[in-house]
Amino acid sequence: MINVTIYNEYLHEVESEEIAAVYPDGIHNCIAAFLGKNEDMKVKTVTLSTVEELTDELLNNTDVLLWWGHMAHHKVPDEISERVYNRVMCGMGFIALHSAHFSKPFRRLMGTTCSLCWREGDRERLWNIMPSHPIAQGIGNYVEIPAEEMYGERFDIPAPDELVFMGWFKGGEVFRSGCTWYRGLGKVFYFQPGHESNPTYHIPEIQRIITNAVRWAAPLYTLPQIDCPHVESPEANM
Ligand code: ZN
């Protein structure tokens, strides 16, 4: 069983009727609904108003944490971001969605600004450039996203360990839209599609990619905490 926790700040859907029409129960519940259909996943959601629930206890019992945030990154307490970072070091998977490129835990994990350029009201063709990757299974050569926000380079990230998807936008820009990194014992996936006013998370292929990413990021090995032990030589008793 993969224990999945989804954090969504859940402000756009409350403040805008147009966005509430796309995600009536919030982005977190949309993602929870399609992930929850998998018998190997148990899903919990947390929003900014309940962010204090992201305790060590919950994170210790989370295999993969998904993160969607945009306008209130600064309202997530630093100690919670640090807690997430430490848990990833110990093996927890972390999936940063769309505007979570600027979230505190993602920037902490990357060590760079994670800046990019953007423009609303574009169209995207998401190219599958690593079809052998677990996250790309069941996905064809590309996924058409009829309406999506353009995210463009330069995306200020460290070179990804694996580049699985490359986005092309009708305005001409390209973007490293699906990237993985290995951080400590944890696996990190950044996935660009998912602007709040577009129905991207309702697209079956996008749901498939996120489902695949959860299974990929689920840890095979974890530590209870980061340690730095003094050890005797294994030759000592030879
Ligand atoms: Zn956006």
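Structure shown above.
Residues numbered from 1 in each chain as written. Predicted model: local features only at pLDDT ≥ 70, side-chain atom pairs only at ≥ 80, totals over all residues. Heavy atoms only, no water.

> So what's going on with the sheet that holds strand β5 (residues 117-128)? Which residues, and what values?
If you walk across this open sheet you meet the nine strands as β2-β1-β3-β4-β9-β8-β7-β5-β6, and the pairing is mixed. Here the strands that pair on one side only, and so sit at the sheet edges, are β2 (41-47) and β6 (142-152). The mean inter-strand angle of the sheet, taken between neighbouring strand axes irrespective of direction, is 25 degrees. The pairing of strand β1 (residues 2-8) with strand β3 (residues 64-68) spans five bridges and is parallel. Bridged to Ile6 within β3 is Leu66. (Pairing = 2+ DSSP bridges. Helix = DSSP H or I, 4+ residues; strand = E, 2+ residues; numbered from the N terminus. Axes fitted to C-alpha atoms, helices over the stretch in contact; angles between N-to-C directions.)

> Give a detailed account of helix α5 (residues 78-89), specifying residues and quantitative values.
In this model, α5 (twelve residues) spans 17 Å end to end at C-alpha, consistent with the 16 Å of a helix rising 1.5 Å per residue. Structurally, α5 contributes buried residues whose contacts are with α4 (56-60), β3, β4 (93-97), α6 (104-110), β8 (174-183) and β9 (186-191). One or two residues past the end of α5 sits Gly91, with phi positive at roughly 130 degrees. (Expected span 1.5 Å × (residues − 1). Contact = heavy atoms within 4.5 Å.)

> Provide a residue-level description of the coordination of the zinc ion, including the pertinent values.
Those protein atoms acting as donors to the zinc ion are His98 (NE2), Glu149 (OE) and His195 (ND1), and they sit at 2.0 to 2.1 Å. Expressed as a motif, the donor residue spacing for the zinc ion is H-x50-E-x45-H. Residue Glu149 is located in strand β6, and its partner His195 is located in the loop between β9 and α7 (204-217); the two are separated by 46 residues in the primary sequence. The pair Glu149 / His195 is uniform in exposure class, with both members buried. (Donors = N, O, S within 2.8 Å, 3.2 Å for Na, K, Ca; no water. Buried < 20%, exposed > 50% of the residue type's maximum accessible area, 1.4 Å probe, protein only.)

> Break down the side chain of Asp63 for me, with residues and values.
You can see Asp63 is positioned in the loop between α4 and β3. Salt bridges are absent for the buried Asp63, whose nearest opposite-charge side chain, Arg87, sits at 7.5 Å. Within the structure, the side chain of Asp63 is placed 2.7 Å from the backbone nitrogen of Asn3, a separation counted as a polar contact. Asp63 has contacts with Met1, Ile2, Asn3, Met92, Gly93, Ala217, Ala218 and Pro219, leaving out every residue within four places of it along the chain. (Lys, Arg positive; Asp, Glu negative; His and termini not counted. Salt bridge = Lys/Arg side-chain N within 4 Å of Asp/Glu carboxyl O. Polar contact = N/O pair within 3.5 Å; in protein donor to acceptor, adjacent residues only side chain to side chain.)

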